Amino acid sequence: MTISTEHNTDKQLTEVENILAFLTDIGINHRYETLNEKTFLPGLKIEQGTLLLDLEKLLYPGDILHEAGHIAVTSETTRTCLTGDMKNHDHQAAEEMTAIAWSWAAACYLNIAPNILFHEQGYKGASDNLIEAFTNSTGFGYPLLYSWFMCEQPDHPNGYPNMLRWLRNDAYTQTQLSKLQ
């Protein structure tokens with residue numbers, strides 16, 4: 001599928017390519033597909049744990065990381081069940097915040113500018129506040145990443161936003177918890 005330049009600049013297209021290569025590397029399935037229905041984020045949809053991308057309709061490359069964050073923080077036992085609106089899969093406030101924290105860690109890892117992830121048209125007008133909070137290490141969502149052994153605490157020398165693993169793995173979490181007891 002050809003990436004549309006109607007909504008995207010060459011720089012944005014490079015960001016998309018880098019993000020998709022990263023998703024492939026960490027094991028988040030994605031594919032190009034024409035999306036005829038209205039989606040929560042233009043050009044993106046999650047179906048059976050796979051991120052569908054309609055690059056003709058995609059407006060903001062950072063949205064890819066947000067949706068991938070939902071996939072990444074979902075238990076591997078239910079990840080392939082994710083389809084449509086994440087609220088239908090118990091992704092409420094905590095999971096939403098964790099997906100945002102995961103997307104920030106991914107953006108940092110990929111050296112993506114904060115305003116690409118937290119663009120002005122998203123996050124209900126709070127993009128500047130999110131950029132400030134995460135840039136100043138006062139963001140949210142990392143406690144669940146930490147509890148799932150996906151990262152260390154931010155005050156650790158190699159702590160959040162650095163990640164130990166990019167996908168939630170409940171079996172690994174249980175093994176680590178049993179070692180602590």
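What you see is a predicted model; the values in this text were computed from it and never measured.

Going from Tyr 160 to Pro 161, the amide bond is cis rather than trans, its omega being 20°. In this fold, Pro 161 is placed in the loop between helix H6 (142–147) and helix H7 (170–180). The phi dihedral of Asn 111 is positive, around 60°, even though this residue is not glycine. Along the chain, Asn 111 falls in the loop between helix H3 (93–110) and helix H4 (114–117). For Asn 111, a relative accessible area of 69% corresponds to the exposed category.

Moving on: the packing of helix H2 (residues 62–72) against H3. Helix-helix packing is characterised by the crossing angle of the two axes and by the distance between the axes. Relative orientation of the contacting elements H2 and H3 amounts to 120°, with a least axis distance of 8 Å. The orientation of H2 with respect to H3, classified from their angle, is oblique. Remark: the crossing between H2 and H3 carries right-handed chirality. Residues Leu 65, His 66, Ala 68, Gly 69, His 70 and Ala 72 of H2 touch H3, and the partners they reach there are Glu 95, Glu 96, Ala 99, Ile 100, Trp 102, Ser 103, Ala 106, Ala 107 and Leu 110. Among the residues making up the contact of H2 with H3, the classes are represented as nine nonpolar, four polar and two charged.

Conventions used here
- Once a new chain begins, its residue numbering starts again from 1 and follows that chain's sequence as written.
- Residue-level local features of this predicted model are given only where pLDDT is at least 70; pairs of side-chain atoms are given and counted only at 80 or more, and the full residue set underlies all totals for whole chains, interfaces and linings.
- Only heavy atoms go into the side-chain values, all of them from the structure, while hydrogens and water stay out.
- Only runs of H or I of at least four residues qualify as helices and only runs of E of at least two qualify as strands under DSSP, and these elements are numbered from the N terminus.
- Using a 1.4 Å probe on the protein chains alone, a residue whose accessible area is under 20% of its type maximum counts as buried, one over 50% counts as exposed, and one in between counts as partly exposed.
- Axis lines are fitted to C-alpha atoms, over the contacting stretch for helices. Their N-to-C directions set the angle, which ranges from 0 to 180 degrees.
- Each angle is binned into one of four classes, with values under 35 degrees roughly parallel, values over 145 roughly antiparallel, values of 65 to 115 roughly perpendicular, and all other values oblique.
- Left-handed is the label given to a crossing in which the near helix is rotated counterclockwise from the far helix by less than a right angle, and right-handed is the label when the rotation is clockwise.
- Whether two residues are in contact is decided by their heavy atoms: any pair within 4.5 Å suffices.
- Gly is put with the polar residues, along with every residue not named as nonpolar or charged; the nonpolar set is Ala, Val, Leu, Ile, Met, Phe, Trp, Tyr, Cys and Pro, and the charged set is Asp, Glu, Lys and Arg.

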